[in-house]
Amino acid sequence: QVQLEESGGGVVQAGGSLRLSCAASGRTFGSYAVGWFRQAPGKEREFVAAINWSGGTTYYADSVKGRFTISRDNAKNTVYLQMNSLKPEDTAVYYCAARRNSGSYYYTDSYDYWGQGTQVTVSS
């Protein structure tokens, strides 16, 4: 079993920054790919960023490219999402997810484990 817990969300002014953390417990996820997704009220959950098992390859949605950075520290069983230049449209509940098996980094159904989410609110 892998349990994931997101933290670091909050309220920030447009143009500000937040750093989200996804901590794994129960088992190490050093061999898991990890993704970040977000869901705004009334909208579908959408892909934000992902990182492969080694941390050497990252993927980003076009909407966040150049502003967000995903990274991981396998020794700490933690994945991070650094969010800079935040915009009101970034407001959403952010979820981290992990998968062991092959699949698309971009699809929610490719992931096996999900955290409970952390709220990010960006005010204008």
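Structural notes, computed from the coordinates. Quantities reported herein were computed from a predicted structural model and do not represent experimental measurements.

### Let's talk about the state of the cysteines
By definition, a disulfide links two cysteine residues through a covalent bond between their sulfur atoms. This model, assessed by the stated rule, comprises one disulfide. Each disulfide pairs two cysteine sulfurs, and for cysteine 22 the partner residue is cysteine 96, the sulfurs being separated by 2.0 Å. The disulfide joining cysteine 22 to cysteine 96 has a torsion of about 60° about its S-S bond and is therefore right-handed. Of the two residues, cysteine 22 is situated in strand E3 (residues 18–25) and cysteine 96 in strand E9 (residues 92–99); the sequence distance between them amounts to 74 residues. For the pair shown, cysteine 22 and cysteine 96 are each scored as buried.

### Notes on unusual backbone geometry
One non-glycine residue, asparagine 77, lies in positive phi territory at about 55°. Structurally, the position occupied by asparagine 77 is in the loop between strand E7 (68–73) and strand E8 (78–83). Exposure remark for asparagine 77: the relative accessible area of 16% places this residue in the buried category. Of note in this structure, serine 85 is not a glycine but carries a positive phi near 50°. Here serine 85 lies in the loop between E8 and E9. Residue serine 85 is classed as partly exposed on the basis of its relative accessible area, which comes to 39%.

How each quantity is defined
Residues numbered from 1 in each chain as written. Predicted model: local features only at pLDDT ≥ 70, side-chain atom pairs only at ≥ 80, totals over all residues. Heavy atoms only, no water. Disulfide = S-S within 2.5 Å. Helix = DSSP H or I, 4+ residues; strand = E, 2+ residues; numbered from the N terminus. Buried < 20%, exposed > 50% of the residue type's maximum accessible area, 1.4 Å probe, protein only.

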